[in-house]
Amino acid sequence: MAKIVSFSNQKGGVGKTTSCVNISAQIANKGKKVLMIDMDPQGNATSGLGLQKSKIKNTIYDVIIGRCSAEEAIIKTKFRNLSVIPANIELAGAEVELPELEGGTNFTKIALDSIKDDFDYIFIDCPPSLGMLTVKALSISDGIVVPMQCEFYSLEGMSQLLNTVKKIKTMYNPGLQIVGILLTMYNGRLTLTNQVVAELKKYYADKLFKVPISRTVRISEAPGYGEPICYHDPYGKGSLEYAAVAKELMMRI
């Protein structure tokens, strides 16, 4: 049965989608069957895998509102062992519709239960908010990965996110755990970076992934080619760093 891991941070622009796409691809490339669910209305994870959103028939929105099954929304990508349930801007409407649709049941969980045995891992790219879509994703997840930049605003956001995780554990999902905190766009030569890392180690030393993700041009340009970094630049620094994080994540959950 698949392990479900959400990538979440309410702060935008922290490398959340980039990390979800690249870790999904790295683990799939190691021979594991991986499904990535794009739960962000922006659909960046979808386009990051080379899919044209305008040509997609079924999305996660269609699954949520019951228009199709999870199986019918799955698209096998051109990358080894990697499938995706895509998203587009229609998903923005789900924030309003979800409470009325579910009527007290967790429809998202029911939808995924039918496909959990087909995959080793299911990774969910959450929107940059703590709204209904993120809450639903976390309520069905075994764990959460928190990508964050080395900035003080990110530190402030961390406490808010942890409070949300505590509430979800109490109300919906007692088994939810923080798999790890992933430092992104890392530059060890900056004093600010080292200060933020020092603060994180004070409180979350056991949660930090050992290898941070450096800021590189190759990682930034890969989505424009519709490729994860392990295909776009397989021997580059970014690819090697994400491979190390993927390996550590598999050991943690």
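As a reminder, the structure under discussion sits directly above these lines.
Thresholds, definitions, all that
Residues numbered from 1 in each chain as written. Predicted model: local features only at pLDDT ≥ 70, side-chain atom pairs only at ≥ 80, totals over all residues. Heavy atoms only, no water. Helix = DSSP H or I, 4+ residues; strand = E, 2+ residues; numbered from the N terminus. Rg over C-alpha atoms; globule rule 2.2 N^0.38 Å. Contact = heavy atoms within 4.5 Å. Lys, Arg positive; Asp, Glu negative; His and termini not counted. Charge placed at Lys NZ, Arg CZ, Asp CG, Glu CD. Buried < 20%, exposed > 50% of the residue type's maximum accessible area, 1.4 Å probe, protein only. Pairing = 2+ DSSP bridges. Axes fitted to C-alpha atoms, helices over the stretch in contact; angles between N-to-C directions. Phe/Tyr/Trp six-rings, centres within 6.5 Å; stacked < 30°, edge-to-face > 60°. Lys NZ or Arg CZ within 6 Å of the ring centre and 35° of its normal.

Participant: Please give an account of the overall build of the protein chain that cites residues and values.
Facilitator: Along the backbone of the protein chain there are twelve helices and seven strands. A compact globule built from 253 residues should have a C-alpha radius of gyration of about 18 Å, and the protein chain, at 17 Å, falls within 12% of that. C-alpha extents for the protein chain along the principal axes are approximately 50 × 40 × 30 Å. Counting only contacts in the protein chain whose residues sit at least 6 apart along the sequence, the fraction spanning at least 24 positions is 80%. Considering the protein chain, the positive charge centre built from 29 side chains and the negative charge centre built from 25 side chains are found 7 Å apart.

Participant: So, unusual backbone geometry: which residues are in play, and what are the values?
Facilitator: When glycine is set aside, most residues are seen to have a negative phi, and most peptide bonds are trans. The residue asparagine 81 is not glycine, and still its phi comes out positive at about 60°. Inspection of the secondary structure puts asparagine 81 in the loop between β3 (75-76) and β4 (82-85). The phi dihedral of methionine 185 is positive, around 50°, even though this residue is not glycine. With respect to the helices and strands, the residue methionine 185 is situated in the loop between β7 (177-184) and α9 (191-204). Assessed through its relative accessible area of 25%, methionine 185 is described here as partly exposed.

Participant: Now, about the sheet that holds strand β5 (residues 121-125): what can you tell me, with residues and values included?
Facilitator: Where strands meet in a sheet, backbone hydrogen bonds hold them as pairs that are either parallel or antiparallel. The strand order across the open sheet built from seven strands is β3-β4-β2-β5-β1-β6-β7, with neighbouring strands paired in mixed fashion. With partners counted over all chains shown, the strands left at the sheet margins are β3 and β7, one partner each. Relative to β5, strand β1 (residues 3-7) is paired through five bridges, and the arrangement is parallel. Opposite phenylalanine 7, over in β5, you have aspartate 125 as the bridge partner. Here helix α8 (residues 152-171) sits on the sheet and contacts β6 (143-149) and β7; the angle it forms with β6, its principal contact strand, is near 165°.

Participant: Tell me about the packing of aromatic side chains, residues and numbers included.
Facilitator: Under the counting rule described, the total for this entry stands at four aromatic pairs. Here phenylalanine 7 and phenylalanine 123 contribute two aromatic rings whose centre-to-centre distance is 5.9 Å and whose plane-to-plane angle is 80°, an arrangement assigned as edge-to-face. Of this pair, phenylalanine 7 sits in strand β1 while phenylalanine 123 is found in strand β5, placing the two residues 116 residues apart along the sequence. Residue classification places phenylalanine 7 among the buried positions, given a relative accessible area of 0%. Consider the rings of phenylalanine 79 and tyrosine 231, whose centres lie 4.7 Å apart with planes at 45°: the pair is tilted. Residue phenylalanine 79 is found in the loop between β3 and β4, and its partner tyrosine 231 is found in helix α11 (residues 229-232); the two are separated by 152 residues along the sequence. Judged by relative accessible area, which is 5%, phenylalanine 79 ranks as buried. According to the relative accessible area criterion, tyrosine 231 is partly exposed, its value standing at 29%. One aromatic cluster is present, built from ring pairs that chain together Phe7, Tyr121 and Phe123. The ring of phenylalanine 209 carries arginine 252 above its face, with NZ or CZ at 4.6 Å from the centroid.

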